[in-house]
Amino acid sequence: MKQQTIKGAAKQNSAMNKFMILVAGSFISSIGSGLTDFGLAIYILKLTGSVGATGVFAICAFLPAILLAPVGGVLADRYDRRLMMILGELFSGLSLLICLVAVMSPHPSLVVICMGVGLSSVFSALTEPAFKATITDLLSAKDFTRAGGMVQLAGSAKLLISPAIAGLMLQVTTVGTLIMLDILTFFTTVLIIAFVRKGLVNQKSAVISSGFLSEISDGITAIRGKKGIMTMIIIMTIATFCLGFVQMLSKPLVLAIASERELGILTTVIAMGMMVGSIGISMVKQPKSYVGMLSIGLFGCGVFFALIGISKNLVLIAGFGFMMFVFMPAIQIGAEVLIRTNLDNRLQGRAFGLIGLITQMGYILAFIAAGILADRIFEPLMQGNTELALKIGTVIGYGAGRGNALLIIITGIGLAVVGIIVYRLKNIKNLEGKAAADETGTESFERNRIDFTVDFIKENDYS
């Protein structure tokens, strides 16, 4: 009996070691992706001088992964997850060669760059679900929390490390170098996955017998079953729409008064606010109200979002941005717990897949709207001498970048208003009753506060 226990412990240690190697590969890949995202966004902004063009780039990099996420999840359940991860990483890296050729060309093409990042995003959709599923494949339930913490660290690298490195590197090299480094990280990750292949077991899901369309239909039925959940989906879509503006407008706002190096450092400092917010919430044993948490998160995030646009001082912008990110975890956790405790556990996977698909479309709409509004209305307005521009300019200043600042202020105020409205919605409060009564609510909260940050960072790139 003792010998069996020793063997079991050795097997668990071996599985954890393999998983730690996989996380190390994900960490490296995350840094590489962050370098390309940051570098190409600045490159396109300087090449075109247009927020709208940067929005097109963001849509091409973001939309395929959103649309194909449910498909990637089904494929990860049906086929060899090791193979899915290897193919996803390999072809995602190769797709970036298209971007590399484009930026090294004497006549760079935005269309070609967008084709490259779009194709890379398509293959990335294969990797994400398979990687998450390997936690279950490799580890026992008692190791899930520890694994979630490691995955969180790996995912945060894209936001906390890459911008500062990219900003510094762009002072001495070109965006092509950043892309080449990213491509190398993809191949490094492929080698790492192949190295631990013996520990990755292919787990097939019942989705094969029930059919993909049937699974989607079940998910739709689940989220339509309660008005509160539908209301929550609308609220979160509005929130992602507002937050999409900060992703689109923050770079041109800062670059109007600072360099790429300062932007990179500023982005890293601001992103640390999310980690601080996560730690703060993790110290709360059980919140009194998840609706209150969600409402405060939206309101606080909106207020500091708006304040970013008021000042041209980089220190103040960093401080306001930091505080904005501090409130983000409250939004994500509050929403997830309210939805999770009101869904049948058997349907949560497919339901959350659909909810993610719907809510993330808020970013796509923001990328489109921000470009049009900034380029055609707000930037021209704040560089003119109309009476309205002069009045607004006395508060936030005139010239390049101040139209983006005004748009940030308006959107931030809108997000804060949403936070106030949420607290008064009856449908949302009805979800709170179920969350409070749920016997496993504490366990769900513990799981959410550990796992949410990596998902939020990976799905929402603010670098």
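In this text the structure is predicted, and so the values were computed from the model without any measurement. Along each chain, residues carry numbers from 1 onward, in the same order as the chain's sequence is written. Totals for whole chains, interfaces and linings use all residues, but because this is a predicted model, local features are given only for residues with pLDDT of at least 70 and pairs of side-chain atoms are given and counted only at 80 or more. With hydrogens and water set aside, each side-chain value is computed from the structure's full complement of heavy atoms.

### A word on the confidence of the model for the protein chain
Note on scores: pLDDT gives the predictor's confidence for each residue, bounded by 0 and 100. Confidence in the prediction for the protein chain averages 80 pLDDT; 77% of positions are at 70 or higher. Contacts: residue pairs with any heavy atoms within 4.5 Å of one another. Scored below 50 in pLDDT, residues 205-209 shows 7 contacts in the model against residues more than four places distant or in partner chains. Across residues 439-460, where pLDDT falls below 50, the model places 58 contacts with residues more than four positions away in sequence or in other chains.

### Side note on the pattern of salt bridges
Salt bridges are defined by distance alone: a side-chain nitrogen of Lys or Arg within 4 Å of a carboxyl oxygen of Asp or Glu. Under the criterion given, the structure shown has 3 salt bridges. The residue aspartate 37 makes a salt bridge to lysine 158 at a minimum N-O spacing of 3.1 Å. Taken together, the residues aspartate 37 in helix α1 (residues 2-48) and lysine 158 in helix α5 (residues 144-160) connect sequence positions 121 residues apart. Per-residue accessibility, obtained with a 1.4 Å probe over protein chains only, is compared with the maximum for each type, and a residue is labelled buried under 20%, exposed over 50%, and partly exposed between these values. Here aspartate 37 falls in the buried class, since its relative accessible area comes to 19%. The partner of glutamate 260 in a salt bridge is lysine 46, and the shortest N-O contact between them spans 2.1 Å. By definition, any uninterrupted DSSP run of H or I lasting at least four residues is a helix, any uninterrupted run of E lasting at least two residues is a strand, and each is numbered from the N terminus.

### Some details on the packing of aromatic side chains
Pairing of aromatic rings covers Phe, Tyr and Trp, the last through its six-membered ring, and needs centres within 6.5 Å; plane angles under 30 degrees mean stacked, over 60 mean edge-to-face, and all others mean tilted. Under the criterion given, the structure shown has 6 aromatic pairs. Ring geometry for phenylalanine 304 against phenylalanine 327: centres 6.0 Å apart, planes inclined by 25 degrees, an arrangement best described as stacked. Highlighted residues: phenylalanine 304 in helix α12 (residues 290-308) and phenylalanine 327 in helix α13 (residues 314-340), separated in sequence by 23 residues. A single burial state applies to phenylalanine 304 and to phenylalanine 327, both of which are buried. Centroid distance tyrosine 363 to phenylalanine 367: 6.4 Å. Interplanar angle 45 degrees. Geometry classified as tilted. Here the residue tyrosine 363 and the residue phenylalanine 367 both occupy positions in helix α14 (residues 348-382), the gap between them amounting to 4 residues, near one helical turn. Like phenylalanine 367, tyrosine 363 is buried. An aromatic cluster of three or more residues is present, and its members are Phe62, Tyr363 and Phe367. The rule for a charge over a ring is simple: NZ of Lys or CZ of Arg within 6 Å of the ring centre, and within 35 degrees of the ring normal. It is lysine 429 that lies over the ring of tyrosine 423; its NZ or CZ is 5.2 Å from the centre.

### Quick word on the packing of helix α10 (residues 227-255) against α13
Axes here refer to lines fitted to C-alpha atoms; in helices the fit is confined to the stretch in contact. Angles between the N-to-C directions go from 0 to 180 degrees. α13 packs onto α10 with a crossing angle of 160 degrees between their chain directions and a minimal axis gap of 12 Å. When the axes of α10 and α13 are compared, the pair comes out roughly antiparallel. Taken as a pair, α10 and α13 cross one another with a handedness that is left-handed. Across the interface between the two elements, Met232, Met236, Leu243, Val246 and Val254 from α10 touch Leu314, Met324, Met328, Ile331, Ala335, Leu338 and Ile339 from α13. Looking at the contact of α10 with α13, its residues break down into 12 nonpolar, no polar and no charged. If an angle is under 35 degrees, it is roughly parallel; if it is over 145, roughly antiparallel; if it lies from 65 to 115, roughly perpendicular; otherwise it is oblique. If you view the pair so one helix is near and one far, a crossing is left-handed when the near helix is turned anticlockwise from the far one by less than a right angle, and right-handed when it is turned clockwise. Residues are grouped as follows: Ala, Val, Leu, Ile, Met, Phe, Trp, Tyr, Cys and Pro are nonpolar; Asp, Glu, Lys and Arg are charged; all remaining types, including Gly, are polar.

### Quick look at the environment of threonine 188
Relative to the helices and strands, threonine 188 resides in helix α7 (residues 175-195). The exposure class of threonine 188 is partly exposed, given its relative accessible area of 31%. Sequence-wise, threonine 188 and leucine 90 are 98 residues apart; in three dimensions their C-alpha atoms are separated by 9.6 Å.

### Some thoughts on the state of the cysteines
Chemically, a disulfide is nothing more than a covalent bond linking the sulfur atoms of two cysteines. Cysteine sulfur pairs qualify as disulfides if the two atoms are within 2.5 Å. Scanning all chains against the criterion turns up 0 disulfides. Unpaired in terms of disulfides, cysteine 99 finds its nearest cysteine sulfur in cysteine 114, a separation of 8.3 Å.

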